[in-house]
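Chain by chain, the residues run as shown.
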Amino acid sequence: MDTVTRPRILVVGAGFAGVECVRRLERKLGPGEADVALVTPFSYQLYLPLLPQVASGVLTPQSIALSLRRSRKYRTRIIPGGAIGVDLRAKVCVIRTITGKIVNERYDYIVLAPGSVTRTFDIPGLTEHAFGMKTLAEAAYIRDHVISQLDLADASDDPAERAARLQFVVVGGGYAGTETAACLQRLTHAAVRHYPRLDPGLIKWHLIDIAPKLMPELGDKLGRSAQEILKRRGIDVSLGVSIDKAGAEEVTFTDGRVVPTHTLIWTAGVVASPLIATLDAETVRGRLAVDAEMTLPGHDGVFALGDSAAVPDLAKNDEGAICPPTAQHAMRQGKKVADNVIATLRGQPLQPYVHKDLGLVVDLGGKDAVSKPLGVELRGLAAQAAARGYHWAALRTNVAKTRVLTNWLLNAVAGNDFVRTGFQARRPARLKDFEFTDSYLTPEQVRALVGDTGIDHP
């Protein structure tokens, strides 16, 4: 078949959903059946659930960055950049490459899996002074920052500055926030032994959330167990509380408390990628409204899945229920979308996505964990074994599995080295600097850039 006439499949995003889709397409498509391209600024898949362990130094960044180029059979073309707009009518995706060049990429079929970004609110000073926990760069940066606070506090003779540098605030009582607070508290607790001039009692961690319960998806009992573990470690957990304003050296809570701190970590949920807003299509709570086959109604050849799509959850007897933005759903949706893209190419019927949630695991570091696999409530070492066993099995490559297992064993035996690796630059980098949420176009800007490109597209 002539290469020019091959159907072009464009996959946007190299998260769990996008990578599983690409891998399935490569395995099941014939060599001349279609051309596949993947849009991603990084040539790796990030195993996001283990990000707090990178921030705390238990794992190295490379351990959870799974290369997309290791396979010798890999034949997908990687476009190094980020999709910043899509013109559904012209079948063109607007891409900003890593060099800043704007490229109009035409397609016959598009799979939208751009993932999510950190959800923020209109809180004074938030984006200027808070850190996120959504990217590998943020995790590495936060580790350097936290250790630098200990270094600076140790070097200071000002009691007020010492106290401020040794207070840390994490906002978000979900999995990301709870695991981040738990893992980083273990890091500072272990590190302070190597700072004889510092009083360990000055180190204070605050975990706050506007919700009345910690990790409500786990249920009341496990949520309370997690809260008790955190309190036993000295972490101050405040529920029904959020941030009123944030500054460079202090944070004001909505209950009126003012906490002197140089560290505010914001993990209060996620929202669909801003790319979805460029489509000018129907959304459900910000996520693209798709059917059970994960196609966009009214638009041929458009599929969407993962955190950016409101995929109906047919496994629940609840009309209107949509799948939560979790890795287990994204991975399985990726495989099903690949099957449906191939079915569309071959003129076969599409299949709906159905998956019953397998449960949740929360690793609090050390011997502490709470897990609920298949509805069974676990605590302590049993929960830790379930959590780490699940994550280890879910890693895509044997190389990643070996690295993660080696890091876990080494950390358990030798502990942490508390080394700053140099990501803490002279110029501060905060939440607004890592996720590039101001890079996306409006639907009007997309149409202006695309122009007549692709109108005659077959």
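Above this text sits the structure in question.
Each value, and the rule that gives it
Residues numbered from 1 in each chain as written. Predicted model: local features only at pLDDT ≥ 70, side-chain atom pairs only at ≥ 80, totals over all residues. Heavy atoms only, no water. Helix = DSSP H or I, 4+ residues; strand = E, 2+ residues; numbered from the N terminus. Rg over C-alpha atoms; globule rule 2.2 N^0.38 Å. Buried < 20%, exposed > 50% of the residue type's maximum accessible area, 1.4 Å probe, protein only. Contact = heavy atoms within 4.5 Å. Areas by Shrake-Rupley, 256 points an atom, 1.4 Å probe, with all protein chains shown as cover. Lys, Arg positive; Asp, Glu negative; His and termini not counted. Charge placed at Lys NZ, Arg CZ, Asp CG, Glu CD. Pairing = 2+ DSSP bridges. Axes fitted to C-alpha atoms, helices over the stretch in contact; angles between N-to-C directions. Salt bridge = Lys/Arg side-chain N within 4 Å of Asp/Glu carboxyl O. Left-handed = near helix turned anticlockwise from the far one by under 90°. Nonpolar A, V, L, I, M, F, W, Y, C, P; charged D, E, K, R; others polar. Phe/Tyr/Trp six-rings, centres within 6.5 Å; stacked < 30°, edge-to-face > 60°.

In this structure, what is going on with the overall build of the chain? I would like to understand it.
Each helix and strand counted, the chain has 12 helices and 24 strands in total. The C-alpha atoms of the chain give a radius of gyration of 23 Å, which matches the 23 Å a tight globule of 458 residues would have. For the chain, the spread of C-alpha atoms along the principal axes amounts to about 70 × 45 × 45 Å. Of all 458 residues assigned to the chain, the portion counted as buried reaches 52%. Look at the contacts in the chain between residues 6 or more apart in sequence, and 69% of them connect residues 24 or more apart. Accessible surface for the chain amounts to roughly 20800 Å². Of this, 53% is attributable to carbon and sulfur atoms. Counting 55 positive and 49 negative side-chain charges, the chain places the centres of these two groups 7 Å from one another.

Can you help me understand the environment of Lys367 in this one?
Counting through the fold element by element, Lys367 comes out in the loop between strand S22 (359-363) and strand S23 (369-373). Remark: the alpha-carbon pair of Lys367 and His299, spanning 68 residues in sequence, is separated by 50 Å. Ignoring any residue separated from it by four or fewer positions in sequence, one finds Lys367 in contact with Gly380, Leu381 and Gln384.

Looking at this model, I keep getting lost on the sheet that holds S23. Mind explaining?
To summarise the sheet geometry, strands pair through backbone hydrogen bonds and adopt either a parallel or an antiparallel arrangement. Taken in spatial order, the three strands make up an open sheet running S22-S23-S24, and their pairing is antiparallel. The open sheet terminates on both sides in strands that have one partner only, identified here as S22 and strand S24 (378-379). By the bridge criterion, two bridges tie S23 to S24 in an arrangement that is antiparallel. Counted as the bridge partner of Ser371 is Leu378 from S24. Each of S23 and S24 is contacted by helix H7 (residues 220-232), which is oriented at about 160° to S23, the strand it contacts most.

Quick question: what am I supposed to make of the pattern of salt bridges here?
Where charged atoms from two side chains of opposite charge come close, those side chains can pair. In this structure the tally under the stated criterion is 18 salt bridges. Here Asp255 ties to Arg257 by a salt bridge, and the two come within 2.9 Å at their closest N and O atoms. Taking the relative accessible area as the measure of exposure, Asp255 reaches 41% and is therefore partly exposed. Linked by salt bridges that have partners in common, Arg24, Lys28 and Asp339 make up one network.

Got a minute to help me understand the sheet that holds strand S14 (residues 250-253) in this structure?
The sheet built from three strands is open, its strands ordered S13-S14-S15 with antiparallel pairing. A strand with exactly one partner marks an edge of an open sheet, and here the two such strands are strand S13 (243-246) and strand S15 (258-260). When strand polarity is set aside, the average angle formed by the axes of neighbouring strands in this sheet is 20°. As paired elements, S13 and S14 share three bridges and run antiparallel to each other.

How should the packing of helix H1 (residues 16-28) against helix H8 (residues 327-345) be read in this particular structure?
Packed helix pairs are characterised by how far apart their axes lie and by the angle those axes make with each other. Put simply, H1 and H8 touch, their axes get as near as 7 Å, and they point 35° apart. In this structure, H1 meets H8 at a crossing whose hand is right-handed. Along its contact with H1, which presents Phe16, Ala17, Glu20, Cys21, Arg24, Leu25 and Lys28, the element H8 presents Ala327, Ala330, Met331, Gly334, Lys335, Val337, Ala338, Asp339, Val341 and Ile342. Its residues placed into classes, the contact of H1 with H8 shows 11 nonpolar, one polar and five charged.

I'm lost on the packing of aromatic side chains in this one. Help?
This structure, assessed with the given rule, holds five aromatic pairs. When the centroid spacing of 5.4 Å and the interplanar angle of 20° are considered together, the rings of Phe42 and Tyr44 count as stacked. For Phe42, a relative accessible area of 44% gives the class partly exposed. Each ring, one from Phe168 and one from Trp205, has its centre 4.5 Å from the other, and the planes form 15°; the classification is stacked. Of this pair, Phe168 sits in strand S10 (residues 167-171) while Trp205 is found in strand S11 (residues 204-209), placing the two residues 37 residues apart along the sequence. In this pair, the class of Phe168 matches that of Trp205, namely buried.

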